[in-house]
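# A look at the structure
Residue-level listing of the chains:
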Amino acid sequence: MQRISAVSEMTAWSREKQRQGETIGLVPTMGYLHEGHLTLIRRAKEKCNRVVVSIFVNPLQFGANEDFAEYPRDLSRDENLAAREGADVIFAPLVKGMYPQGFHSSVEVEKLTDRLCGQARPGHFRGVATVVAKLFNIVGPDQAFFGQKDAQQLAVIRRMVADLNMPLTIVGVPTVREPDGLAMSSRNVYLTPEQRQAAPVLVRSLREARELIGQGERDAAKIGGFIRQRITREPLAVIDYVEIVDNDFLQPVDKLAGTCLIALAVRFGNTRLIDNMVVEV
Ligand code: PAF
């Protein structure tokens, strides 16, 4: 496996592989890889001849009071893990390589980004869309792989790709969970042992809501209330939002119909965790 830092070298590598008729899968990450990322790499390996894993903690998607400086980083550990999964390249650009002096452009996906996490993190999805568009232009992948855990991010990227006619396929991969159900996230390392023990209340409340829906409940306000009540029973959990929206445009629904997304964000101390469930009714 190769490590590439220079943007021009990455593009040249991809062009050469594609000239040889190979397909390229891109797994964009901010590093500190966990089983969720490794699952994305495995999926990319199944579907493409070559796999590029990008590792870039993107300053544009962090707010002024967020954890950019503390975000966990360990490039040599990540390299070993990605190599073990058979990735061909780790693309780890420098901030000045991605955003050289004079950089002034951004990609804004409207409507889908002002709700849910966009409300608490203004500018976050502009940062995500901008870096992902740049990665797509630099690597030129045939397919790119994203986790369903970041459901709003996945919807925003699908919208951007469709709206801007980007020539690649986006593959969403189901959330990978710890044995007790907690969705895997690089931010789980921030949790204290007590918070870590409390955190599976998120997946439990979603699973209980699924049972309620299975019994015929379709009223979004009732289902949302039910989830909030379950989470509030956990004293360490502070709800940021619990919302039920349509899965494509992320607009609130009154009654569940078609494909809906139940999304939530909850704080445990300073750590904000997200989780979600897609329901088809
Ligand atoms: O999901 C992430 O890790 C990041 O938001 C992404 C897609 C790599 C963009 O920086």
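Further up the page is the structure itself.
These figures come from a predicted structure and were not determined experimentally.

### Considerations on the site of the ligand
- Around the ligand, the neighbouring residues are Pro-28, Thr-29, Met-30, Asn-58, Gln-61, Val-131, Phe-146 and Gln-153.
- In the model, an oxygen atom of the ligand is placed 2.6 Å from a nitrogen or oxygen of the Gln-61 side chain.
- Gln-153 is positioned with one of its side-chain polar atoms (N or O) 2.7 Å from an oxygen atom of the ligand.
- When the ligand is considered free in solution it has 290 Å² of accessible area, and contact with the protein chains removes 88% of it.
- The class makeup of the residues in the shell around the ligand is 4 nonpolar, 4 polar and no charged.

### A look at the pairing of strand β2 (residues 24-29)
- By the criterion of burial, β2 is predominantly enclosed, with 6 of the 6 residues buried.
- Residue alternation in β2 divides its side chains into two sets, Ile-24, Leu-26 and Pro-28 and Gly-25, Val-27 and Thr-29, and both sets are buried.
- By the bridge criterion, 6 bridges tie β2 to strand β3 (residues 50-55) in an arrangement that is parallel. Looking across to β3, one finds that Ile-24 is bridged to Arg-50.
- With helix α2 (residues 35-47) bridging β2 and its parallel neighbour β3, the resulting β-α-β unit is right-handed.
- For β2 and strand β5 (residues 143-147), the ladder comprises 2 bridges, and the chain directions are parallel. By the bridge assignment, Leu-26 is partnered in β5 with Ala-144.

### A short note on α2
- Relative to the 18 Å expected for 13 residues at 1.5 Å per residue, α2 spans 18 Å between its end C-alpha atoms, a close match to the ideal helical length.
- When we look at burial in α2, the residues that qualify are Gly-36, His-37, Leu-38, Leu-40, Ile-41 and Ala-44.

### Some points on the sheet that holds strand β4 (residues 89-91)
- Strand order in the open sheet formed by 6 strands is β1-β4-β3-β2-β5-β6, with parallel pairing between adjacent strands. Two strands close off the open sheet at either side, each with one partner strand: β1 (2-4) and β6 (169-173). Strand after strand, the sheet turns through a mean of 25° between neighbouring axes, direction not considered.
- Contacts from α2 reach β2, β3, β5 and β6 within the one sheet, and its direction differs from that of β5 by about 155°.
- Contacts from helix α7 (residues 151-163) reach β5 and β6, with the element oriented near 170° to β6.

### Here's the deal with the nonpolar core
- One finds Met-10, Val-52, Phe-91, Phe-136, Met-160 and Ile-170 to be the most contacted residues of the largest nonpolar core, which totals 45 residues.
- The set of elements that each furnish at least two residues to this core consists of α1 (7-19), β2, β4, α6 (124-139), β5, α7, β7 (237-246) and β8 (259-268).
- Per-element accounting of this core gives the leading share, 10 residues, to α6.

Here is what the cut-offs are and how they apply
- Residues numbered from 1 in each chain as written.
- Predicted model: local features only at pLDDT ≥ 70, side-chain atom pairs only at ≥ 80, totals over all residues.
- Heavy atoms only, no water.
- Near = heavy atom within 4 Å.
- Polar contact = N/O pair within 3.5 Å; in protein donor to acceptor, adjacent residues only side chain to side chain.
- Areas by Shrake-Rupley, 256 points an atom, 1.4 Å probe, with all protein chains shown as cover.
- Nonpolar A, V, L, I, M, F, W, Y, C, P; charged D, E, K, R; others polar.
- Buried < 20%, exposed > 50% of the residue type's maximum accessible area, 1.4 Å probe, protein only.
- Helix = DSSP H or I, 4+ residues; strand = E, 2+ residues; numbered from the N terminus.
- Pairing = 2+ DSSP bridges.
- Right-handed = clockwise from strand over helix to strand, strands pointing away.
- Expected span 1.5 Å × (residues − 1).
- Axes fitted to C-alpha atoms, helices over the stretch in contact; angles between N-to-C directions.
- Contact = heavy atoms within 4.5 Å.
- Core = buried A, V, L, I, M, F, W, Y, C linked by side-chain atoms within 4.5 Å.

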